[in-house]
Amino acid sequence: MSGNGAENIAVGDLTSGQAEAELARLAGEIAHHDELYYRQEAPAISDADYDALRTRNEAIEARFPDLVRDDSPSLRVGVKPADGFAEVRHSVPMLSLGNAFAKEDVHEFVARIRRFLNLGADDPVELVAEPKIDGLSATAHYDKGRFVLGATRGDGTTGEDITRNLATVVDMPGRLKGSGVPDRIEVRGEVYMKHSDFAALNEQREKDGLALYANPRNSASGSLRQLDPSITASRRLHFFAYSWGEISEPPADTHWHYLDCLKGWGFTVNPFAKLCRDVDEALALYDEIMENRARLDYDIDGVVYKVNRLDWQDRLGFVSRAPRWAIAHKFPAEQAQTLLEEIAIQVGRTGALTPVAHLTPITVGGVVVSRATLHNEDEIKRKDIRVGDTVVIQRAGDVIPQVVSVVEAKRPKDSEPYTFPTVCPCPLATPAHREPGEAVTRCTGELACPFQQVNRLKHFVSRQAFDIEGLGAKHVEAFRDAGLVETPGDIFRLKDRRDTLLEWEGWGEQSVANLLDAIEERRTIGFDRFIYALGIRQVGEATARLLARRYEDLETWRSAMEQAARERAEHPDEMKKPEAVGEAFAALCDIDGVGISMADDLVAFFTEAHNIEVLDDLAGQLTIRPLEKAASDSPVAGKTIVFTGTLERMTRQEAKARAESLGAKVSGSVSAKTDIVVAGPGAGSKLKKAEELGVEVMSEDDWLKLVGR
């Protein structure tokens, strides 16, 4: 997959624009590897590298929650079912897990549980720890104890009907035995192939002159998805059961008890699974399992921790594509040493200067590495990284490798500390400046800097913005270099440069006509996509939708932002109370997810004359549609909710998560647009204002009855 200039920048140093570009690139790259992994059984990267892609995506979304894309990898699992199998829609989605890469991550996982559930420091949090099997997720449905349906995970919502194949799996009972079997239950687990069976299979394929399978996981996946069940039966697949989906009545009140039920009904549960009294006991089991990993007859790539109490699992619920009550603690990634040949500087759309290490190519985790991120000036100084150093490279926790450390014993005697540049590497050599308290050094050239200009244009035509077919990043760069496109509005004037385009190498009558037709199709665009395309710092797709929903049209939004900008100019030093700045500025900050920092970036956009010229130009050429309202059966969908006072039956985080999951908007202040105020003990000024405005007020108990809890 091609880069966008931001893939080398540490998450903590990304600007909003760079983060948007990165999330777009990661969505495409992860979808590509999902297709290779889940459907074609031909992964092109290692599991650690794939996890690094996911981790970077999740880290960016955590730092920029307003930028989460509709097609975000964090919102989906796997791929859609392939042709050749009937589809099975999961009544309970088959989700994935969040990842932990260090023991500190696991401690934080438990700390988050405590905060969410409002537990005390001494309240025990039992965890069930199980090896994470590197196989293929599958689900088996039983009706009155009889196996009736099997399916793959697919994209998490819809899987493939593999009933006949799953019935041939060695550990899959055709009928459940024992007591307490629910009338209807869906048992989930992992299908895998043992190393010994894998070796025998490849030995036979070699004798038959067939291509060999790359690893047991690919072999298990390919075997389970054979159209002929007899082939699946010959492969000796196995199944570890570990959870459930749809169920008529819960057979247990803890996860550990449920595993006992599975064993009693005839399923195989991993023998290393253990009930751990606390996080330290769980981490000790992780060390034990990792020590025994090489002696196992099947592949594992980590340990999964699950909250034992099922009522807590229910309260914790889910976020994105993963449960809050479980996490996968992955085994360490591979490291290697190589030579740092050069430190290059890349410039992003908002002028951030990012150092990148150019390395002597080396294989790490099965992938050839030639570059690694150095994050920023402080990181280089902290690790004392110099050109000519031998460095330790690791591929984990970021989409490209990181320089972990320097091997000082191998440092050349004449090496010198690296001096971070004070000018932009662009042709204008514009001065670069680092604001006090910031980690990023930026080019001060703004729109005069050609690097920033072209990256802003690339963002404008990106897939989640105007998405003009045939006008990709390379074409934008070429058109800008040729003077054909310097502003977004110039794109819609390319029809007047038809003859010039026809003179370009590789462009004929049909390709030019296709491009101009695609541009014309984008003269009508949704208001939210229009806002996103402008490339305002910190404003991603989610925030663009919020703004489009709140202000409804360009004229109203522009008027409100210009008023907020005037208010901000009169109160430039007010950093804590938006209402002290002015009504328009406070209304902007009142949008859930828009704080003072983001509001400042928004109003700053409207104070720059060049941006106003761009808006005027585009407004005269485009038809901008208002955002369509989403339909929902929830009684609070689309309503603005304010929580105030002390919540006694749930934490504020839990209440907000529940409201948002039902389609409500949670606000921090009360206004005439507030629909419901949920008031607990100690409610003060917000309750008083709600009463003055005639806003509906309800207790926490009434709220829980309304939302069905």
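Let me begin by describing the structure that accompanies this report. Keep in mind the model is a prediction, meaning the values are calculated, not measured. (Residues numbered from 1 in each chain as written. Predicted model: local features only at pLDDT ≥ 70, side-chain atom pairs only at ≥ 80, totals over all residues. Heavy atoms only, no water.)

1. Quick notes on the overall build of the chain
Put simply, the test is: Per the convention used, a helix needs a DSSP run of H or I reaching at least four residues, while a strand needs a run of E reaching at least two, with both numbered from the N terminus. Taken over C-alpha atoms, the radius of gyration is set against a globule rule of 2.2 Å times the number of residues to the power 0.38. Whether a residue is buried, partly exposed or exposed follows from its accessible area with a 1.4 Å probe, protein chains only, as a fraction of its type maximum: under 20%, in between, or over 50%, in that order.
Broken down by element type, the chain carries 26 helices and 26 strands. In terms of C-alpha radius of gyration, the chain reaches 28 Å, essentially the compact-globule figure of 27 Å for 709 residues. Across its three principal axes, the chain shows a C-alpha extent of roughly 75 × 70 × 60 Å. Considering the chain as a whole, with its 709 residues, one finds that 52% of them fall into the buried category.

2. Concerning the sheet that holds strand E8 (residues 238-247)
Our working definition: Here, strands pair whenever DSSP counts at least two bridges between them. Axis lines are fitted to C-alpha atoms, over the contacting stretch for helices. Their N-to-C directions set the angle, which ranges from 0 to 180 degrees.
Pairing within the open sheet is antiparallel, and its four strands lie in the order E5-E4-E7-E8. Of all strands in the sheet, those with a lone pairing partner are strand E5 (146-152) and E8, marking the two edges. For this sheet, the mean inter-axis angle between neighbouring strands, taken without regard to orientation, is 30°. Bridging between strand E4 (residues 136-143) and E5 involves six bridges; their strand directions are antiparallel. Bridging from a neighbouring strand, His141 pairs with Leu149 of E5.

3. Quick word on the pattern of salt bridges
To be explicit about the condition: Throughout this description, the term salt bridge denotes a Lys or Arg side-chain nitrogen within 4 Å of a carboxyl oxygen of Asp or Glu.
On inspection of all chains with the given rule, the structure shows 35 salt bridges. Residue Asp311 pairs with Arg309 through a salt bridge whose shortest N-O separation is 2.6 Å. Classification of Asp311 as partly exposed rests on a relative accessible area of 39%. Measuring nitrogen to oxygen at the nearest pair gives 3.2 Å for the salt bridge that ties Glu477 to Lys458. Of the two residues, Glu477 is situated in helix H13 (residues 473-481) and Lys458 in helix H12 (residues 450-460); the sequence distance between them amounts to 19 residues. Taking relative accessible area as the criterion, Glu477 reaches 36% and is therefore assigned partly exposed. Looking at Lys458, the relative accessible area reads 22%, which means it is partly exposed.

4. Looking at H13
Inclusion rule: By definition, the arc is the one covered by directions from the helix axis to the C-beta atoms. Contacts are residue-level and defined by heavy atoms, with any inter-residue pair within 4.5 Å sufficient.
Restricting attention to buried positions, one finds in H13 the residues Val476, Phe479 and Arg480. Across the axial projection of H13, the buried residues extend over an arc of 100°, all falling on one side. When the buried face of H13 is taken as reference, the exposed residues oriented beyond 90 degrees from it are Lys474 and Asp481. Packed against the buried residues of H13 are H12, helix H15 (498-502) and helix H16 (509-521). Just beyond H13, the residue with positive phi is Gly483, at close to 80°.

5. Examining the pairing of strand E25 (residues 676-679)
Test applied: Whether a crossover is right-handed comes down to one check: with the strands pointing away from the viewer, does the path from the first strand over the helix to the second run clockwise; if it does, it is right-handed.
With burial as the criterion, each face of E25 is covered, one bearing Ile676 and Val678 and the other bearing Val677 and Ala679. Summarising the sheet, strand E23 (residues 640-644) and E25 pair through four bridges and their orientation is parallel. Residue Ile641 lies in a different strand from E25, and its bridge partner there is Ile676. As judged from the three bridges shared by E25 and strand E26 (residues 696-698), these two strands associate in the parallel manner. In the strand pairing of E26, Val677 is matched with Val697. For the handedness criterion, the β-α-β arrangement of E25, helix H25 (residues 685-693) and E26 is classed as right-handed.

6. Re the packing of H12 against H13
This is how the line gets drawn: Here is the rule for angles: anything less than 35 degrees is roughly parallel, anything more than 145 is roughly antiparallel, 65 through 115 is roughly perpendicular, and the remaining ranges are oblique. In this scheme, a crossing is called left-handed if the near helix is turned counterclockwise away from the far one by less than a right angle; it is called right-handed if the turn is clockwise.
Where H12 contacts H13, the axes come no closer than 9 Å and their chain directions differ by 135°. As the angle between them shows, H12 and H13 are arranged oblique. Here H12 runs over H13; the crossing is right-handed. Contact with H12, carried on its side by Pro450, Gln453, Val454, Leu457 and Lys458, involves Ala473, Val476, Glu477 and Arg480 of H13 and no other residues of that element.

7. Remarks on the nonpolar core
Selection rule: Nine residue types can take part in a nonpolar core, namely buried Ala, Val, Leu, Ile, Met, Phe, Trp, Tyr and Cys, and a core is a set of them joined through side-chain atoms within 4.5 Å.
One finds Phe530, Trp557 and Leu588 to be the most contacted residues of the largest nonpolar core, which totals 60 residues. Those residues within four positions of Phe530 in sequence are excluded, and the remaining contacts are Phe466, Ile525, Leu554, Leu615, Leu618, Leu622 and Ile624.

8. So, the packing of aromatic side chains
Let me state the cut-off plainly: A pair of aromatic rings is counted whenever rings of Phe, Tyr or Trp (Trp by its six-membered ring) have centres within 6.5 Å, and the orientation is called stacked for planes under 30 degrees apart, edge-to-face for over 60 and tilted otherwise. In our convention, an over-ring charge means Lys NZ or Arg CZ found within 6 Å of a ring centre and within 35 degrees of that ring's normal.
With the rule as written, the count across this model stands at 19 aromatic pairs. Arranged with centres 5.7 Å apart and planes meeting at 90°, the rings of Tyr142 and Phe267 form a pair that is edge-to-face. A residue pair is termed long-range when its members are at least 10 positions apart, and Tyr142 in strand E4 and Phe267 in the loop between helix H8 (255-265) and strand E9 (274-276) qualify at 125 residues. In this structure, Tyr142 and Phe267 share a single accessibility class: buried. An angle of 70° between the planes, with centres 5.4 Å apart, marks the rings of Phe240 and Tyr298 as edge-to-face. Within this pair, whereas Phe240 is found in strand E8, its partner Tyr298 is found in the loop between helix H9 (279-292) and strand E10 (300-307), the two being separated by 58 residues in sequence. Each of the two residues, Phe240 as well as Tyr298, counts as buried. Across from the ring centre of Trp256, 6.0 Å away, lies the NZ or CZ of Lys263, which sits over that ring.

9. Re the side chain of Asn270
The topology assignment puts Asn270 in the loop between H8 and E9. Residue Asn270 is classed as buried on the basis of its relative accessible area of 7%.

10. Details of the side chain of Asn165
Structurally, Asn165 is set in helix H4 (residues 163-166). Not counting residues within four places of it along the chain, the set of residues in contact with Asn165 comprises Ser223, Leu224, Arg225, Gln226, Pro229 and Thr232.

11. Remarks on unusual backbone geometry
With a phi angle near 50°, Lys144 is a residue other than glycine that sits in the positive phi range. Residue classification places Lys144 among the exposed positions, given a relative accessible area of 60%. Its identity is not glycine, yet Glu552 carries a phi of approximately 70°, on the positive side. Here Glu552 is to be found in the loop between helix H18 (541-551) and helix H19 (554-570). Since its relative accessible area comes to 49%, Glu552 is described here as partly exposed.

12. A short note on the packing of H19 against helix H22 (residues 596-605)
The test is simple: Ten residue types, Ala, Val, Leu, Ile, Met, Phe, Trp, Tyr, Cys and Pro, are classed as nonpolar, four, Asp, Glu, Lys and Arg, as charged, and the remainder, Gly among them, as polar.
The interhelical angle for the contact between H19 and H22, taken along N-to-C directions, is 110°, at an axis separation of 9 Å. It follows that H19 is roughly perpendicular to H22 by the angle criterion. Where H19 approaches H22, its residues Trp557, Met561, Ala564, Ala565 and Arg568 are matched on the opposing element by Ile596, Asp600, Leu602 and Val603. For the contact of H19 with H22, a count of residues per class yields seven nonpolar, no polar and two charged.

13. What about the sheet that holds strand E24 (residues 665-667)?
Strands pair in a sheet through their backbones, by hydrogen bonds, and they do so in one of two ways: parallel or antiparallel. Spatial strand order, E24-E23-E25-E26: four strands in an open sheet with parallel pairing. On the outer flanks of this sheet lie E24 and E26, each paired with one strand and no other. On average, adjacent strands in this sheet sit at an angle of 30° to one another, irrespective of strand direction. Two strands pair when backbone bridges link them, and E23 and E24 are joined in this way by three bridges, in the parallel orientation. Its bridge partner being in E24, Val642 is matched across the sheet by Ser667. Sheet strands touched by H25: E23, E25 and E26. Its angle to E23, the strand with the most contacts, is close to 140°.

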